[in-house]
Amino acid sequence: MISTKLNRHYDPTFTVSDDYKASLPDLQNGPASLIEGADVPIQQVGISDFKLPLKYPRPDGELLTLETSVDGYVGLEAGKKGINMSRIMRSFYDFEDDVFHLDKLEEVLETYRNELDSKSAYLRLSFNYPIKQESLRSGLEGYQYYTVAIEGTMDANGKFRKFMHLDFEYSSACPCSYELSEHARETREVASIPHSQRSIANLTVELNEEIFIEELVSHCQEALMTETQVMVKREDEQAFAEMNGAYQKFVEDAARLLYEQLNEEERIHDFVIRCVHMESLHSHDAVSRICKGVKNGLR
C-alpha cells in the first residue's frame, strides 16, 4: 500500500502559468463517453440567482440601479457532457455597465449562444421596482415596491421572445359580504362589517414592443382601482374604505377587469393573469386564472 503525504499548506505566492492551466482536468467539457444516463438533449442548463446591481430606465429618462437576481441558461445538445458554467456569469458581466431593458436581453442571449456554442438560450432578471405613490387625500408620498422580472428566450432559429412578469397587490371587498352586511343593518339594525382582503394579481405578458413597468402598473391600477396604500392618515383610510365600497369585486371580476385592460394594449402580444384573493372569511384562498387565448400561446 502506497502512502502519500500531502502538503497541507496554501501558498499565496503560487503563480498559474499557461502550461499549468492547460494541464488542469476539465470533466464538464469532456467527451460523450463521460455522459451519465441517457445521451439526450437538455433544454436548459446554467446557473440561477446570481446577483449584481443593474441599471434600468424610467420613462422620464432617469436611470435606476437595482439589485438584480439573474437566471441564465442555454440548451445542451445530445453528445455533449456539459457546459462551462462560469461562462454564463462571465459573459453576463460583460454587460454589467449597460442599461437593461427587454430588447437588451436579445444581445445577451446572442452572446450566450455564441460563447457557449449553444442553439438556444434563456435569461431572466428579477428585481423589486420602486414607484412613488401619493396618498389618497392627505398629500403624503411613499414608495410602492413591485416584484418584477423581465425574461428573454432565443430558439435555435434565433427567434427572440420577450416577457415581463409583475405582481400587483390590491384590496378586494366581497360584493356578497357587503350585501349580507347591509341586510343585517336594514332588517335587524345589527352592526356588520363586510370582509375584504389583501389580494395579488400575478401577470405575465409577452410583448411585441417595449413597455415601461410604470405603464403595466398603470394598466393594473385602472383595471382594479383598489391598489394597497403606502402612506396612510385617517382621511386616507376613510377614502380607501370608500374606494373598496365603490369597486367591490369577486376574484372572477378581477381577472376579467385585467383581461379587458390588457387586451386593449397593442404592444402586448399575449398574457396570462392569475388573481389570488387571500380570504379573510375562509382559511383558503380564492383563485382565478385567465389567458388571452392566442393560438399556441401562454397557458
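Look a little higher up for the structure.
Owing to the predicted nature of the structure, the values given are computational and were not obtained by experimental measurement.

Mapped onto the fold, Asp270 is located in strand β7 (residues 268–277). Arg299 provides the closest opposite charge to the buried, salt-bridge-free Asp270, at an N-O distance of 5.5 Å. Of note is the side chain of Asp270, whose polar atom sits 2.6 Å from the backbone nitrogen of Leu298. Those residues within four positions of Asp270 in sequence are excluded, and the remaining contacts are Thr204, Val205, Glu206, Lys292, Gly293, Val294, Gly297 and Leu298.

If you walk through the whole model with that rule in mind, you get 16 salt bridges. Note that Glu110 is salt-bridged to Arg113, the shortest N-O span being 3.4 Å. A residue pair is termed a helical-turn pair when its members lie 3 or 4 positions apart in one helix, as Glu110 and Arg113 do in helix α3 (residues 102–115) at three residues. On the accessibility criterion, Glu110 (29% relative accessible area) is partly exposed. Salt-bridge contacts for Glu182 lead to Arg185; the nearest nitrogen and oxygen are separated by 3.6 Å. In this pair, Glu182 and Arg185 are both assigned in helix α4 (residues 175–188), three residues apart and thus about one turn of the helix distant.

Quick look at the packing of helix α2 (residues 85–93) against α3 now. Orientation of α2 relative to α3, taken along the N-to-C sense of each, is 140°, at an axis distance of 10 Å. When the axes of α2 and α3 are compared, the pair comes out oblique. Seen along the crossing, α2 lies across α3 with a hand that is right-handed. Contacts from Arg87, Ile88, Ser91 and Phe92 in α2 reach Val108, Thr111, Tyr112 and Glu115 in α3. Across the contact of α2 with α3, the residue classes break down as four nonpolar, two polar and two charged.

This part covers the layout of surface pockets. Roughly 340 Å³ of internal volume is contained in the largest pocket. Along the wall of the largest pocket there are 18 residues; nearest its centre are Ala173, Ser196, Phe240, Ala241 and Asn244. Mapped by element, the contributors of at least two residues to the lining of the largest pocket are β5 (160–173) and α6 (234–246). Broken down by element, the lining of the largest pocket gets its largest block of residues, six residues, from α6.

How each quantity is defined
Residues numbered from 1 in each chain as written. Predicted model: local features only at pLDDT ≥ 70, side-chain atom pairs only at ≥ 80, totals over all residues. Heavy atoms only, no water. Helix = DSSP H or I, 4+ residues; strand = E, 2+ residues; numbered from the N terminus. Buried < 20%, exposed > 50% of the residue type's maximum accessible area, 1.4 Å probe, protein only. Lys, Arg positive; Asp, Glu negative; His and termini not counted. Salt bridge = Lys/Arg side-chain N within 4 Å of Asp/Glu carboxyl O. Polar contact = N/O pair within 3.5 Å; in protein donor to acceptor, adjacent residues only side chain to side chain. Contact = heavy atoms within 4.5 Å. Axes fitted to C-alpha atoms, helices over the stretch in contact; angles between N-to-C directions. Parallel < 35°, antiparallel > 145°, perpendicular 65-115°, else oblique. Left-handed = near helix turned anticlockwise from the far one by under 90°. Nonpolar A, V, L, I, M, F, W, Y, C, P; charged D, E, K, R; others polar. 1 Å grid on protein atoms, 1.4 Å probe; cavity = no way out; pocket = protein on both sides within 12 Å on 5 of 7 lines; lining within 4 Å. Points joined across faces, edges and corners; volume = space filled by probe spheres on them.

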